[in-house]
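The lines below spell out each chain.
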Amino acid sequence: MENSNETSSNQFFLLSLADTPYLKALSVLIFLTMYILALSVNSLLITMVRSNLQLHTPMYFFLSNLSVIDIGITSSVLPKLIIITITQDTSISRLGCALQMFFHSALVGTECILLAVMAYDRYVAICKPLHYNTITNKRFCTSIAAVCWALGCINSSIHVPYTLQLPLCRSHHINHFFCEIPIFVHLSCQDTWLHELSMYISACVLGLSAFILTLSSYAYIISTILNIRSTEGRHKAFSTCASHLTVVSLYYGPIMFMYLRPHSRDSPSTEKIVSIMYTVVTPMLNPIIYSIRNKDIKVTVKGTMNKLS
């Protein structure tokens, strides 16, 4: 029977995203390229911020933290996906699944809070420029970054152990390409409403609170920008926020779709596409988006290239 309890198994089986040899080779090439690109651009951004004293500001400090998170998110998912596509050994141990689930969940939660902090940083810079250095001092930035990481890890530490204790009676074959909390909840034969409720509560406390803080910050920012008489001044103020707004949009959309949507409407294929967006595409694009409109980063890149040539 399909609903027999199979929790005694210490292995799970993930889904390979390709079946035919041609699609396997193509998917490996695509994901390997995206992984290398994500590692390269994020590592380059971190290196530039550390090497250039002009970039030792709160905005770039938080941006470096974002790059570290993005490297962690892609590294928690893509290497295993590439390996199972090449070898077709889709098994993953319970410990491996637990670690993948913990790090992915913790990093996603941390990034959610960090993006709200970055929006607050832009609010202080534009709306209270005379107090910017006083408010966003080194101690404040270090403390608030530590809080972001701590909240993400605590949230993951609460939900991951409980999720792995759920009895799985459908199958240990996971219709997903990595271990993720909502997917495991679907496989349980136990009534999971309490666990789902706790997930929604934590998602609202962390996710929606961070989202509301971001929206509030930008409401004040837009109001301040509209009151600037100089067209050049308005353009300069808006350009400092455009990159962050783009990143926030790319991040919150898929996350809210994945974690706040009722499970009765879940579609496995849709879940995979959404998961690829915020575990692969967004971490790869974030540093590129910030670099395109950022003069300081462009100057640093040019200076580095001139030294190498």
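Residues numbered from 1 in each chain as written. Predicted model: local features only at pLDDT ≥ 70, side-chain atom pairs only at ≥ 80, totals over all residues. Heavy atoms only, no water.

Going by an unreviewed UniProt entry, the protein chain carries the name Olfactory receptor and comes from Xenopus laevis. The Sequence similarities (unreviewed entry) field of the UniProt record for the protein chain holds the comment "Belongs to the G-protein coupled receptor 1 family." According to the UniProt record, the Subcellular location (unreviewed entry) comment for the protein chain reads "Cell membrane". (UniProt positions renumbered as here; feature names shortened; annotations may be inferred.)

Participant: Before we move on, could you go through helix H7 (residues 193–226) and cite the residues and values that matter?
Facilitator: Residues spaced three or four apart along an α-helix face the same direction, because each turn holds 3.6 residues. An ideal rise of 1.5 Å per residue puts 50 Å on 34 residues; H7 measures up with 46 Å between its terminal C-alpha atoms. Maximum bend of H7: about 35°, positioned at Cys204. (Helix = DSSP H or I, 4+ residues; strand = E, 2+ residues; numbered from the N terminus. Expected span 1.5 Å × (residues − 1). Bend = angle between axes of the 7 residues up to and from the residue.)

Participant: Can you explain a nonpolar patch on the surface? Please cite residues and give values.
Facilitator: The grouping of Tyr162, Trp193, Leu194, Leu197, Ile201 and Val205 at the surface amounts to a nonpolar patch, some 590 Å² of accessible area in total. Looking at which element gives the most residues to the nonpolar patch, the answer is H7, with five residues. Here Trp193 is to be found in helix H7. Its relative accessible area of 53% is what places Trp193 among the exposed residues. (Patch = residues over 30% accessible without salt bridge, like charges linked within 9 Å, V, L, I, M, F, W, Y side chains within 5 Å. Areas by Shrake-Rupley, 256 points an atom, 1.4 Å probe, with all protein chains shown as cover. Salt bridge = Lys/Arg side-chain N within 4 Å of Asp/Glu carboxyl O. Buried < 20%, exposed > 50% of the residue type's maximum accessible area, 1.4 Å probe, protein only.)

Participant: Explain the nonpolar core to me, and be specific about the residues and the numbers.
Facilitator: Inside soluble globular proteins, nonpolar side chains tend to come together where they are buried. Counting residues in hydrophobic clusters, the biggest one holds 34 residues, and the most contacted among them are Leu63, Leu115 and Met118. Those elements giving two or more residues to this core turn out to be helix H1 (21–51), helix H2 (58–87), helix H3 (94–127), helix H5 (138–164), H7, helix H8 (231–259) and helix H9 (268–292). At nine residues, the largest contribution of residues to this core is made by H3. If sequence neighbours within four positions are ignored, Met118 has contacts with Phe62, Leu63, Leu66, His244 and Tyr290. One finds Phe31, Ile82, Cys97 and Met199 within the second-largest nonpolar core, a separate group that totals 33 residues. (Core = buried A, V, L, I, M, F, W, Y, C linked by side-chain atoms within 4.5 Å. Contact = heavy atoms within 4.5 Å.)

Participant: Summarise the UniProt feature "transmembrane region" (unreviewed entry) in the protein chain; cite the residues concerned and give the values.
Facilitator: This chain's UniProt record puts "transmembrane region" (unreviewed entry) on residues 25–47, 59–78, 98–120, 140–158, 200–221, 242–261 and 273–292. A distance of 28 Å separates the end C-alpha atoms of residues 59–78, which is 100% helix and 0% strand.

Participant: Outline the packing of aromatic side chains, listing residues and values.
Facilitator: Under the definition given, this model contains six aromatic pairs. Ring-pair connections join several aromatic residues into one group, and the members of that group are Tyr120, Tyr123, Phe140 and Tyr220. (Phe/Tyr/Trp six-rings, centres within 6.5 Å; stacked < 30°, edge-to-face > 60°.)

Participant: Before we move on, could you go through the packing of H3 against H7 and cite the residues and values that matter?
Facilitator: Remark: H3 packs on H7, axes separated minimally by 8 Å, with the N-to-C direction vectors making an angle of 20°. In terms of their interaxial angle, H3 and H7 are classed as roughly parallel. The element H3 and its partner H7 pack so that their crossing is left-handed. Seen from H3, the contacting residues are Cys112, Ile113, Leu115, Ala116, Ala119, Tyr120, Arg122, Tyr123, Ile126 and Cys127; seen from H7, they are Leu206, Gly207, Ala210, Leu213, Thr214, Ser217, Tyr218, Tyr220, Ile221, Thr224 and Ile225. Class assignment for the residues of the contact of H3 with H7 results in 16 nonpolar, four polar and one charged. (Axes fitted to C-alpha atoms, helices over the stretch in contact; angles between N-to-C directions. Parallel < 35°, antiparallel > 145°, perpendicular 65-115°, else oblique. Left-handed = near helix turned anticlockwise from the far one by under 90°. Nonpolar A, V, L, I, M, F, W, Y, C, P; charged D, E, K, R; others polar.)

Participant: I'd love a proper account of the state of the cysteines, names of residues and values included.
Facilitator: Where two cysteines share a covalent bond between their sulfur atoms, that bond is called a disulfide. With the rule as written, the count across this model stands at one disulfide. Unpaired in terms of disulfides, Cys127 finds its nearest cysteine sulfur in Cys241, a separation of 8.5 Å. A relative accessible area of 1% means that Cys241 is categorised as buried. (Disulfide = S-S within 2.5 Å.)

Participant: I'd love a proper account of the side chain of Thr163, names of residues and values included.
Facilitator: For Thr163, the location among the structural elements is in helix H5. A residue is classified by how much of its surface remains accessible, and Thr163, at 0% relative accessible area, is buried. Engagement of the side chain of Thr163 in a polar contact is seen with the backbone oxygen of His159, the distance being 2.7 Å. Not counting residues within four places of it along the chain, the set of residues in contact with Thr163 comprises Met101, Ile181, Phe184 and His195. (Polar contact = N/O pair within 3.5 Å; in protein donor to acceptor, adjacent residues only side chain to side chain.)

Participant: Please set out the environment of Tyr220 residue by residue, giving values where relevant.
Facilitator: Relative to the elements of secondary structure, Tyr220 occurs in helix H7. Overall, Tyr220 belongs to the exposed group, its relative accessible area being 53%. Contacts of Tyr220, omitting those with residues within four sequence positions, involve Tyr123 and Cys127.

Participant: Lay out the confidence of the model for the protein chain with the relevant residues and their values.
Facilitator: Predicted confidence across the protein chain gives a mean pLDDT of 82, with 87% of residues reaching 70 or more. Confidence drops under pLDDT 50 across residues 1–8; counting only partners more than four residues distant or on other chains, this segment forms 17 contacts. (pLDDT = per-residue confidence, 0-100.)

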